[in-house]
Structures are given as structure tokens and as C-alpha cells.
Amino acid sequence: AEHEFLANNYDNVEKIFNRCLVNCLNIELWKYYLQYVKTGPKSNNFDEVRKVYEFAIDNIGFDINSTEIWIDYIELLKKMRVCWNNYKQYTNANM
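Anyway, here's the lowdown on the structure attached to this text.

Parameters at a glance
- Numbers given to residues run from 1 along each chain, matching the order in which its sequence is written.
- Local features in this predicted model are restricted to residues whose pLDDT is 70 or higher, and side-chain atom pairs enter the listing and the counts only when it is 80 or higher, whereas totals over whole chains, interfaces and linings include all residues.
- The basis for every side-chain value is the complete set of heavy atoms in the structure, and neither hydrogens nor water enter the calculation.
- By definition, any uninterrupted DSSP run of H or I lasting at least four residues is a helix, any uninterrupted run of E lasting at least two residues is a strand, and each is numbered from the N terminus.
- The span you would expect from a helix comes to 1.5 Å times its residue count less one.
- Any two residues whose heavy atoms approach within 4.5 Å are treated as being in contact.
- As used in this structure description, the phrase polar contact means that two N or O atoms lie within 3.5 Å; if the pair is within protein, one of them must be able to donate a hydrogen and the other to accept it, and residues adjacent in sequence are counted only when both atoms belong to side chains.
- Residues enter a nonpolar core if they are buried and are Ala, Val, Leu, Ile, Met, Phe, Trp, Tyr or Cys, with the set joined through side-chain atoms within 4.5 Å.
- Burial here depends on accessible area, computed with a 1.4 Å probe over protein chains only, as a share of the maximum for the residue type. Under 20% is buried, over 50% is exposed, and the range in between is partly exposed.

**Description of helix α3 (residues 27-39)**
Relative to the 18 Å expected for 13 residues at 1.5 Å per residue, α3 spans 18 Å between its end C-alpha atoms, a close match to the ideal helical length. Where the residues of α3 are buried, they touch α1 (2-6), α2 (10-20), α4 (46-60) and α5 (67-93). If you check the start of α3, you find a side-chain oxygen 2.9 Å away from the backbone N of Glu-28, and it comes from Asn-26.

**Focus: the nonpolar core**
Core analysis: the biggest nonpolar cluster contains 19 residues, and Trp-30, Tyr-33, Tyr-36, Tyr-53 and Ile-69 have the highest contact counts within it. Looking at this core, the elements that each hand over two or more residues are α2, α3, α4 and α5. Filtering out sequence-adjacent residues up to four positions away, Tyr-53 remains in contact with Leu-34, Lys-38, Ile-69, Asp-72, Tyr-73 and Leu-76.

By themselves, these observations are geometric and do not establish any function.
Given below as C-alpha cells:
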């Protein structure tokens with residue numbers, strides 16, 4: 001997956017992750033997948049990134065090694081809340 005990512009072969013990266021993630025509950029692989037999503041072609045879509053984190057959490061659950069993923073997910077939710085609050089303030093000020 002890393003090789004394909006570095007070569008900008010995003011379709012191949014997606015295929016590899018689709019084939020391997022659920023069958024291999026390796027936390028490091030999930031971390032790499034989440035890093036890919038946060039920096040890849042869908043990285044500017046907060047909702048898509050949130051869904052991917054929820055997919056990961058649904059699959060890895062409370063594995064002792066998943067702490068970093070949970071912390072990142074919580075930080076993402078905080079950022080989304082700040083963005084939403086800023087949007088509401090902006091739209092209310094311009095009404």
C-alpha cells in the first residue's frame with residue numbers, strides 16, 4: 001500500500017486496503033490507512049474522514065494498542081465542532 005501511495009496510484013491503494021483491512025486487524029495497518037485517508041485525495045472531506053475513523057473503530061474496538069486512533073478521532077470531532085460553530089456564527093452574522 002505504501003509503495004502505491006508514494007507512486008500516487010490511489011486506486012491500487014484503495015484496493016489493497018479493501019482487501020486487507022477487515023481480514024487483518026493489525027493496529028499499525030489501520031493507523032497507516034487512517035494516515036492515508038487524512039493525507040490522500042479525500043483528506044479535505046471532513047465527513048468522509050469521520051466515517052473512515054468510525055469504520056476503523058467499529059473494527060478495532062477497544063484493542064489496547066488503539067489508543068492513538070481513539071485520540072485522533074476525538075481530535076477530529078473537536079475540529080469538526082469548531083468548524084460547525086464558526087459556520088453558524090458566520091451565517092448568523094450575515095443574515
